[in-house]
Every structure is written in C-alpha cells, then in structure tokens.
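The primary structure of each chain is shown beneath.
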There are 2 protein chains.
Amino acid sequence: MSLKDIGEFGFIRRIQRGCLTRPEGVLQGIGDDAAAFRTDGRLVSLMTTDLLVERVHFLRHAISGWDLGHKSLAVNLSDIAAMGGTAREAFVSIAIPESCELAYLDEIFQGMKDLAQTYAVNILGGDTTFSRSDLVINVAVHGVVAENEILTRSAARPGDVIFCTGCLGDSRAGLHLILEGTPADTPELEALLTVHRRPWPHLREGRLLASTPGVRAAIDVSDGLSSDLGHIVEESRVGARIDAARLPVSDNLRFFCRRFGRSPLEYALSGGEDYTLLLTAAADNAGRIAEAFRSAFGRPLHAIGEITDTLRMELADDADRITPIDPSGWDHFKRP
Amino acid sequence: MSLKDIGEFGFIRRIQRGCLTRPEGVLQGIGDDAAAFRTDGRLVSLMTTDLLVERVHFLRHAISGWDLGHKSLAVNLSDIAAMGGTAREAFVSIAIPESCELAYLDEIFQGMKDLAQTYAVNILGGDTTFSRSDLVINVAVHGVVAENEILTRSAARPGDVIFCTGCLGDSRAGLHLILEGTPADTPELEALLTVHRRPWPHLREGRLLASTPGVRAAIDVSDGLSSDLGHIVEESRVGARIDAARLPVSDNLRFFCRRFGRSPLEYALSGGEDYTLLLTAAADNAGRIAEAFRSAFGRPLHAIGEITDTLRMELADDADRITPIDPSGWDHFKRP
C-alpha cells in the first residue's frame, strides 16, 4: 500500500492512533485547524504548523522573498483565526539550499516580520539549516483563546447558516496565471495575483465571530470551499446545502473567467488558498452576526447556504435544482 | 555577501532584529535552547523546534524509520530538558517524497510515539505534504517550567563548576562508522552506533537539576562541547576552563579511538549530537548537586571544569598546561 492509495487524510487518520499519551487538558488534538490544550491558566493554548516546500507550494523564481515570508506566516495565522484565537508567538524553521541568496532570505524574514508586526505576533525561535535541494520553510504559531470561544470544525448543527468572510476563488485564479505564465496585463489580473501571493489572515474577523453569540463551527478555506466545508460536514456529522447564486465572486474573478473561458462557480467551489473563514451560526443569531460583522469591517459577511441533516453536501442553483458537491479540493498525495 | 560568509550564528543574529513586536511576557526569545514566554498561568511556556533534512541530517538508507522518528522528537525534547522544563505537546510536519514507502513512514511515527509515551508527551498536530526530493521532518515541542526554575544559557557566573550529565563523543564516533561504511563488528562499535541513532533526551535529569538549588546555566550538547560551551560563555559573558582528564569518555569510545587511531579528547570536545546536558552550578552547592544526581539516576554527574572571568575557553591538561579551545562544533552554513 502506498501513500497515493490512502491520500493525505487517510495518512493523517493513520498517524492519529496513539498520539494522545496524556488526554487530560487536551481540548483538540490532530484534526482541526489548530490543536487546543490547557496549560495552567484560564486561557487555552492553540498551536498550528505549516510546512512550505519549494516546487510543491511555491516556485522560487515566481515569488518574491517578501511574499513567501508573508505567506508562510499568514497561512498559520489563518489557522489560529479559524479557531477564534489570538496569535501570539511564531517559530520559524528554514532549510536553505546553497543557491538561495542572502538577500532573498532577508526578504523572507522581512515579509514575516511585517505581518507579525501587524498582528502583534512575536517571532521567538526556530531552526536554520542547510538543504541539498529545495528551500523549505516550516512555521509554527502559538495562540490563545478563552475556552468558551474556541471555534472547532465539529460544532455545526442542522439549521445553521453557513457564512464566509470574503470572496472565493481569486487565489486559484492568481495561481492559474502563474502556472500558465500568463502576464497580468490588467488591474483585474494583477489583483488576483496579489490575492494569491499575499493572503491576509482573517484574525480580527475570527476574534469578532468567536466572541459573538451563536457562531458555532469554523474552518479557514485553504484547500477549497468544497473540501473545507467537507471537513465541517464530516466532523460535525451533518450535511450542507450551498446556494450557487450566493457564493461571493469578485469582479476580478468574473473578468478572469470571461477572458479565459472559465466557470466562476467552479473556482469559488474548488479554488484553494483563499484564507477566508467559513463558519456556521445559529439561524436565530444570523442577522445580528452579519450586522456586527458589517459594522466592524465595513464589508458583508456572506451567507452562502445552510447546514442540513442529510450527511451530504449539495449545491442548489437558481431554479432550486440540487446537485451533489464532491469534496474536490486539494489532497497532497492524491495528485493527478 | 552570502550565507557562508556570515555562518549560521551570524544569520541567526541577522534574523533576530525586529522579531519582538510585543516584549511583555517574553522571558527568552531567539538564542537559547527553547523560547520561554508567559501566557496567563503560573507556569511559563517553552517552545522549541528542529528541522531534519534528508542528506543533511540523515541518510534514509542508513537509518531505520523508527530511529529517525525517535531522533526527530528526541532532539526537541533535549532542548526542553536544557531549559529545565517538562515536555508536553509535540507537532510534527513532514514533507514526503514519492520514493518514501508507507511502511517507512509508519515506522517514523511509531518511533516518535514510543518516545512520546515514555515522557507523557502528546502529539497534537502537524502538517503532511509532498516533497519533490528530500524527506523533511520538522518537530515543534511545547513544554512548561516554573519561572524560577528556567535554565538559560546566560546565567553562568565565574567560579561555577561545569558539569555534564553523560559521556561525550560517542555519537560522533557512531556517525563516523556510518559515513565511512565501517561495519560495527564488535559490541563496542554497535553501542556507538546506537548512541548516534537513538539519543535519549535528558528530561528527567534536566528536571532534577532545575529544581536543585545552585544550578545556574544549561544547554544540551548538540553541536559539540566546545561549540555549546561557547554559547554559555558568550551569553553569560564569562570564560571557561575544561580539565581534559575529567572529560567523561566511554570505554566504547576508547575502543573506537584505539582501533581507528583517533583522539578521544578531540571526539569529546568537538563531537556533536550527544544530547547530554552541560550545566554550571554554584561551587558551594556542587557536591550536593552531584550527590542528588547520583542518588536519583545511579550514575555520576561529571564535573569537567570551571567557569572563569577570562571571556575565553581554555583546556587544562594533566600537567596544568593551558591551551585555548576553539568553538569548533557544527555550523550548518560554514561547511568545509
């Protein structure tokens, strides 16, 4: 049996067995955006870590050091955001090939430090080492949250409204431009590239939502809406129905799709790395939550569907025709 | 300017600037075995992380998956030990090349889990991804310690006795056998290989020492005695004199050195990856500390020298002749 047979999530389930040697104080182990555990204070600790590997997650010639540093930290902060937490400490491990210029490395750390500054995160340690081939960056982030404000993937209930905190699919369109070598010759395409290269973690959004009554489950959209919603559906043992017409698609993505003959719906459903938050909230509180969000951030919280009890994910079109959604997001080991 | 010009420690100093965006609650940032910071409890959090890269830190064909997993976690636990802490949570990131068998991966995680079990460490999360070339493992470990028991590198004072918790140089001899492809055809050589492949973190030793009055600075011997003692000397702004005759050299290493015409002293001074603890303690308490150590672990705590005020590291031989010690341990970027 090989990794390709069992896929990333099969492999993670395989790892999971025997990982808990001391269950007391553990609120969330493997299987959510971040781990949650008690030390001895009132606050719960959150930990998350992400590994970025050259030629898998990025092409060195296609990304500036600053963007790479920003992104390496941002994807971790996004996981803390998806737990409703405040990010506090970051730890950076980096394996450096001989071909990597010191100036590029300086840029990487500057990109991290600038983002860390924005969210009052301390970079407190890490590891530096040599690599024979690819540049590899691992960032681990520690954060905190009050126990009654943790947002897990397993708390959704039938009847909940499904929200997301920003547009979907833009990052995937930006990646398409990079992979195809298409020049970004209009402001619209340039904007899509920027979304892909410099994702912003929705930490403030996550904190507001976590402290607002009625918000239940959350995850960040890293692998794609269908895949990430699939995690909520699976962990919460519920179903979900998404309204196609309500998926937030940017004008930039519409422009891209017209020009290259693509489907905005497909990009919104399956495009990864948007790092918006996907959440569910009690229907009774949904209006107040959306209002609080708009008043805090000056932009809408998008209601895109409803949690059901069907154990399936479905898409409803304008005419209320229902088609099943396949969790077709990203799996690192089941590559075509 | 390139990385080779400034070396690993020059690069770390370069990274350090601008990493602290929120100094309150930070007891130790970049530059010790682990970071130390307060959340909101009585205990201080410790965090450390180590990146192991194929063809730099290990050769896949020369190490079993179990040993690799054990070692990846052990080197991190050793850093928590060197801060006087208790290790609590581990986070494992792994980038997997296509050539890596699932059975080998299972072994890696089993090696980690077996060690985690020994020290009641929970593996609570991580990241799994694909790699185009080398197998890469990053482990991050969270631990705790009471604030008044933290052992840093900067607390040594002139007059302190320098101790170490185990033999020095064995691991380097084991590595030599692997690199030269020399068969381990005697129990002595086999034992050296085992020390290299399965280092044991001195967590219990660290806890005992941290809670014993008079123990001041500590570091784990990962790069080699001369290099790691150099960190204490630099961070504490002191000097050190090591007594050559008192360096603990195992019978196995003596056997190896006789057979291959090597110098035990050189291996003890510069051999890395022993993962014993190096510490300094007030001279008045030294006897009681050594006694407490022996009674707890049934083996000696080795007094190997003295902290001085010279700002230099020196070696004293049997006839009390003094020669300077060069911090000639491992620097990842200044490779020959």
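Treat the numbers as computed from the prediction; the structure is a model and nothing was measured.

Caption draft 1: Spotlight on unusual backbone geometry. At A:Arg237, a residue that is not glycine, the phi angle is positive and equals roughly 55°. A:Arg237 gets classed as exposed once you look at its relative accessible area, which sits at 70%. Phi is positive for B:Tyr275, close to 60°, though the residue is something other than glycine. Following the sequence through the fold, B:Tyr275 ends up in the loop between helix 9 (264–270) and strand 10 (277–281).

Caption draft 2: Structural context of the relation of the copies chain A and chain B. Mapping chain A onto chain B calls for a screw motion: a turn of 180° about the axis and a shift of 0.0 Å along it, with 0.0 Å RMSD after fitting. Accordingly, the operation relating the two chain copies is best matched by a two-fold axis. When C-alpha positions in chain A are compared against the rotation axis, the closest is assigned to A:Gly41, at 1.8 Å. Both copies share a contact surface, since 100% of the interface residues of chain A are interface residues in chain B too.

Caption draft 3: Molecular detail of the sheet that holds strand 2 (residues 35–38) of chain A. All names here are of chain A. One open sheet holds the six strands; their spatial order is 1-2-3-6-4-5, and the pairing between them is mixed. Each having just a single partner strand, strand 1 (26–28) and strand 5 (122–131) make up the two edges of the open sheet. Recorded for the sheet is a direction-independent mean angle of 20° between the axes of neighbouring strands. Here strand 4 (residues 86–97) runs beside strand 6 (residues 136–146); their pairing, made up of nine bridges, is antiparallel. Bridge pairing links serine 93 to asparagine 138 in strand 6. On the sheet, helix 2 (residues 65–82) packs against strand 3 (43–53), strand 4 and strand 6 and is oriented at approximately 145° with respect to strand 3.

Caption draft 4: Structural view of the packing of aromatic side chains. Tallied over the entire structure, the rule returns ten aromatic pairs over all chains. With a centroid separation of 5.9 Å and an interplanar angle of 80°, the aromatic rings of A:Phe11 and B:Phe109 are classed as edge-to-face. A residue pair is termed interchain when its members come from two chains, as with A:Phe11 in helix 1 (residues 3–16) and B:Phe109 in helix 3 (residues 102–118). For the ring pair B:Phe293 and B:Phe297, a centre distance of 4.9 Å and an interplane angle of 55° mean the geometry is tilted. Residue B:Phe293 and its partner B:Phe297 are located together in helix 10 (residues 283–297), separated by four residues, close to a single helical turn. Here B:Phe293 falls in the buried class, since its relative accessible area comes to 0%. Taken together, the aromatic side chains of A:Phe256, A:Phe260 and A:Tyr267 make up a single cluster linked through ring pairs.

Caption draft 5: The interface of chain A and chain B, seen in detail. Contacts between the two partners involve 75 residues from chain A and, on the opposite side, 75 residues from chain B. Both sides together, the interface formed by chain A and chain B hides about 6,500 Å², and carbon and sulfur atoms give 58% of it. At the junction of chain A with chain B, the criterion picks out six salt bridges. A salt bridge links B:Glu98 to A:Lys4; the nearest nitrogen and oxygen atoms lie 2.5 Å apart. For the interface between chain A and chain B, the tally reads 39 residue pairs in polar contact (both at pLDDT 80 or more). The greatest single-element share of the side of chain A that touches chain B, amounting to ten residues, is contributed by strand 5 of chain A. Residues belonging to the side of chain A that touches chain B are distributed by class as follows: 34 nonpolar, 21 polar and 20 charged.

Caption draft 6: The packing of helix 1 of chain A against helix 3 of chain B, seen in detail. Running from N to C, helix 1 of chain A and helix 3 of chain B point in directions that differ by 10°, and their axes come no closer than 12 Å. In this view, helix 1 of chain A runs roughly parallel relative to helix 3 of chain B, as classed from their interaxial angle. Where helix 1 of chain A approaches helix 3 of chain B, its residues A:Leu3, A:Ile6, A:Phe11, A:Arg14 and A:Ile15 are matched on the opposing element by B:Leu102, B:Leu105, B:Asp106, B:Phe109 and B:Lys113. Its residues assigned to classes, the contact of helix 1 of chain A with helix 3 of chain B shows seven nonpolar, no polar and three charged.

Caption draft 7: Up close: helix 8 (residues 251–260) of chain B. The set of residues buried in helix 8 of chain B consists of B:Leu253, B:Phe255, B:Phe256 and B:Cys257. Of the residues flanking the end of helix 8 of chain B, it is B:Gly261, one or two places downstream, whose phi is positive at about 65°.

Caption draft 8: Structural view of the side chain of A:Asp79. Residue and element names in this part refer to chain A. Counting through the fold element by element, aspartate 79 comes out in helix 2. Buried charge without a partner: aspartate 79 forms no salt bridge, and the closest opposite charge is arginine 153, 5.5 Å away. For aspartate 79, the residues in contact, after removing those within four places along its chain, are Asp33, Ala34, Thr48, Asp50 and Asp220.

Caption draft 9: Structural detail: the sheet that holds strand 12 (residues 313–316) of chain A. Residues and elements named next belong to chain A. Sheet architecture is open: seven strands sit in the order 8-10-7-11-9-12-13, paired in mixed fashion. This sheet does not close on itself; its edge strands, each paired only once, are strand 8 (215–220) and strand 13 (322–324). Averaged over all adjacent pairs, the angle separating strand axes in this sheet is 30°, with direction ignored. Pairing analysis gives four bridges linking strand 7 (residues 161–164) to strand 10 (residues 277–281), with the strands arranged antiparallel. Bridge assignment links valine 161 to a residue of strand 10, and that residue is alanine 281. Together, strand 7, strand 8, strand 9 (239–243), strand 10, strand 11 (302–308) and strand 12 form the strand contacts of helix 7 (residues 225–236), whose direction differs from that of strand 8 by roughly 140°.

Caption draft 10: Geometry of the confidence of the model for chain A. Taken residue by residue, chain A gives an average pLDDT of 92. The fraction at 70 or more is 97%. The ipTM assigned to the predicted complex is 0.92, against a pTM of 0.92.

Conventions and cut-offs
Residues numbered from 1 in each chain as written. Chains lettered and ligands numbered in written order. Predicted model: local features only at pLDDT ≥ 70, side-chain atom pairs only at ≥ 80, totals over all residues. Heavy atoms only, no water. Buried < 20%, exposed > 50% of the residue type's maximum accessible area, 1.4 Å probe, protein only. Helix = DSSP H or I, 4+ residues; strand = E, 2+ residues; numbered from the N terminus. Least-squares fit on C-alpha atoms with pLDDT ≥ 70 in both. Contact = heavy atoms within 4.5 Å. Pairing = 2+ DSSP bridges. Axes fitted to C-alpha atoms, helices over the stretch in contact; angles between N-to-C directions. Phe/Tyr/Trp six-rings, centres within 6.5 Å; stacked < 30°, edge-to-face > 60°. Buried area = accessible area lost by both parts, 1.4 Å probe. Salt bridge = Lys/Arg side-chain N within 4 Å of Asp/Glu carboxyl O. Polar contact = N/O pair within 3.5 Å; in protein donor to acceptor, adjacent residues only side chain to side chain. Nonpolar A, V, L, I, M, F, W, Y, C, P; charged D, E, K, R; others polar. Parallel < 35°, antiparallel > 145°, perpendicular 65-115°, else oblique. Lys, Arg positive; Asp, Glu negative; His and termini not counted. pLDDT = per-residue confidence, 0-100.

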